[in-house]
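# Observations on the model geometry
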Amino acid sequence: MSAVADNLRYRDSHEWCDPSSDPVICGISDHAQHELTDVVFVELPKVGRVVSAGEAICTIESVKAANDVYAPISGEVVEVNEALFNDPGLVNRDPYLAGWMFKIKAFDPAEFDKLLAADAYRTHIA
Amino acid sequence: MVPFAGWEMPVQYSSITDEHKAVREHVGVFDISHMGQFIVSGHGAEAFLNRALTNDVSKLTPGHGHYTLLLNEAGGVIDDLIAYRTSDREFYLVVNASKIDEDLAQFRSLLTDEDDVQLANASSMTGGIAVQGPKSHEVFRTLFGEAATFPPRNTIFVSFTNEGILWLCGTGYTGEEGFELFTPDSHIEHWFRKAVEAARASGGNVCGLGARDTLRLEMGYPLNGNDLSQLRSPLQAGLGFFVDLDKPAFVGRDLLVKQKTEGVPDKLVAFRMTGTAPPPRPHYPIVWKGEQVSEVASGTQSPSLGCGIGMAYLPVEAAAPGTSIEIEIRGKRFPAEVVKKPLYRRVS
């Protein structure tokens, strides 16, 4: 059973973001890291890049395959988790905390309402 | 699960890395029921196979097998396979699942009425497992008892048990000690479950296609479709050891003789990424001296080495170990180095 954190919002493509944070912390869900397994490389976005919600923002590589990660909300990337450069396995071990991927200065907080709440996401991956 | 040569097969049961390490450190069990088996028998079997295959089957005594190649007229590789001699007049061939039909068509096209050869395709009625790793002996003893002889490398033993006929082979695709077992598919589940249970008791695990790929690539073993094709010869693929140019004529020999004297245009080499980089994957462009010269044939992240590894056909000028190349990944170039095969050697 994959863990779903109650305080986060989710895209159906398995990215999460924390609506209580500013800038908004984003990552991929426990379900996603489980599906990928063995994350060996995370290609993080450039700080300063402006993205729209749903845009492919970076690539996460497992032994199995390369996978796109999509921006859960629109805004400017203001920080990336540089610890992933040396230890990409953080995404597997701690997807909701130490394995966060990037922070976005959100343009429109109303976009959170378009994302799935924890219960809806649980149903989505069930 | 992924579609694979008409089968649905798991890329991983748990994790490619864990399954890979199970084989290197303990033992792993693979379902290889998808692979093809042909039985070639009759007075003319030896001469026929020597016409069709690159290696010299007349050198095989009963109970022994070797790696060999089936070529087209132009010297390109149709398939790579293991040919085992089960008796004076009978051979057991294990071929790639995706090439069964092409192999059969090629063999049939070379058969004439005068040959006294029977060619049977047992693929759809045969299942198989591969047990690989330093503790494969423990699994073998659990399956067959303390007194049973573990199949030595490159041997075959046809055994009869209450669970049906078995072809027991001292072969594998991982670089580890191990054995492969083929049996009619009605009984393969019995052997698979028993082997998986025994492997787990020895600290091992069941392994999928993903680990099969990372393990074989660390050894520099080619995969047909990625590293072998009808457009390139076994000499280009670095498989000259399995080609016998001294035996009587065989299909594709002319090109090989020509390449032997004039040289090959390119060679299949192994490479490894030299810095932090995403894993190389098939079809990524390869750059040498600023120019794209090739693309990745096989590539992955090596669980044993912790870096990206792969194989590619490079111009001979760029094929020497130590040559610096670059792999282009999503528009960015990452440094890599041509290295000797195998990429991984057991630390003993």
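For clarity, every value in this text was computed on a predicted model and none was experimentally measured.

Criteria and cut-off values
- Residues numbered from 1 in each chain as written.
- Chains lettered and ligands numbered in written order.
- Predicted model: local features only at pLDDT ≥ 70, side-chain atom pairs only at ≥ 80, totals over all residues.
- Heavy atoms only, no water.
- Contact = heavy atoms within 4.5 Å.
- Buried area = accessible area lost by both parts, 1.4 Å probe.
- Salt bridge = Lys/Arg side-chain N within 4 Å of Asp/Glu carboxyl O.
- Polar contact = N/O pair within 3.5 Å; in protein donor to acceptor, adjacent residues only side chain to side chain.
- Helix = DSSP H or I, 4+ residues; strand = E, 2+ residues; numbered from the N terminus.
- Expected span 1.5 Å × (residues − 1).
- Buried < 20%, exposed > 50% of the residue type's maximum accessible area, 1.4 Å probe, protein only.
- Arc of directions from axis to C-beta.
- Core = buried A, V, L, I, M, F, W, Y, C linked by side-chain atoms within 4.5 Å.
- Domains from an automatic or database assignment.

## Re the interface of chain A and chain B
At the interface, 14 residues of chain A touch 17 residues of chain B. Around 1,300 Å² of area is buried between chain A and chain B when both sides are counted, 52% of it from carbon and sulfur atoms. On inspection of chain A and its partner chain B, the count reaches three salt bridges. Residue Glu61(A) pairs with Arg281(B) through a salt bridge whose shortest N-O separation is 2.6 Å. Applying the counting criterion to the chain A and chain B interface returns 11 residue pairs in polar contact (both at pLDDT 80 or more). Among the secondary structure elements, those contributing two or more residues to the side of chain A that touches chain B are strand S4 (39-43) and strand S6 (56-62) of chain A.

## What to know about helix H5 (residues 188-201) of chain B
All names here are of chain B. Over its 14 residues, H5 runs 20 Å from end to end, which matches the ideal 20 Å to within 8%, given 1.5 Å per residue. The complete set of buried residues in H5 reads Ile-188, Trp-191, Phe-192, Ala-195, Val-196, Ala-198 and Ala-199. With its buried residues spanning 165 degrees around the axis, H5 presents them on a single face. Exposed residues on H5 whose side chains face more than 90 degrees from its buried face are Arg-193, Glu-197 and Ala-201. Gly-203 lies just past H5 and shows a positive phi near 85 degrees.

## Focus: the nonpolar core
Residue and element names in this part refer to chain B. Ranked by size, the top nonpolar core spans 38 residues in total, and within it Phe-30, Tyr-84, Tyr-92, Phe-182, Leu-228 and Leu-256 carry the most contacts. Every element with two or more residues in this core is listed here: strand S5 (65-71), strand S6 (77-87), strand S7 (90-95), strand S11 (164-169), helix H6 (209-219), strand S14 (266-273) and strand S17 (307-315). Looking at this core, the element that brings in the most residues is S17, giving four residues. Both domain 1 (2-215) and domain 2 (265-341) contribute no fewer than three residues apiece to this core. Excluding residues within four positions of it along the chain, Leu-256 makes contact with Leu-71, Gly-75, Ser-233, Pro-234, Leu-235, Val-243, Leu-245 and Phe-250.

## Some words on unusual backbone geometry
Residues Asp22(A) and Pro23(A) are joined by a peptide bond in cis, for which omega reads -5 degrees. Mapped onto the secondary structure, Pro23(A) falls in the loop between strand S2 (15-17) and strand S3 (24-28). A cis amide bond links Lys341(B) to the next residue, Pro342(B), at an omega of -5 degrees. Along the chain, Pro342(B) turns up in the segment after strand S19 (332-339). One non-glycine residue with positive phi stands out, namely His283(B), at about 80 degrees. Considering the arrangement of structural elements, one finds His283(B) in the loop between S14 and strand S15 (285-288).

The analysis is restricted to geometry; functional conclusions fall outside its scope.
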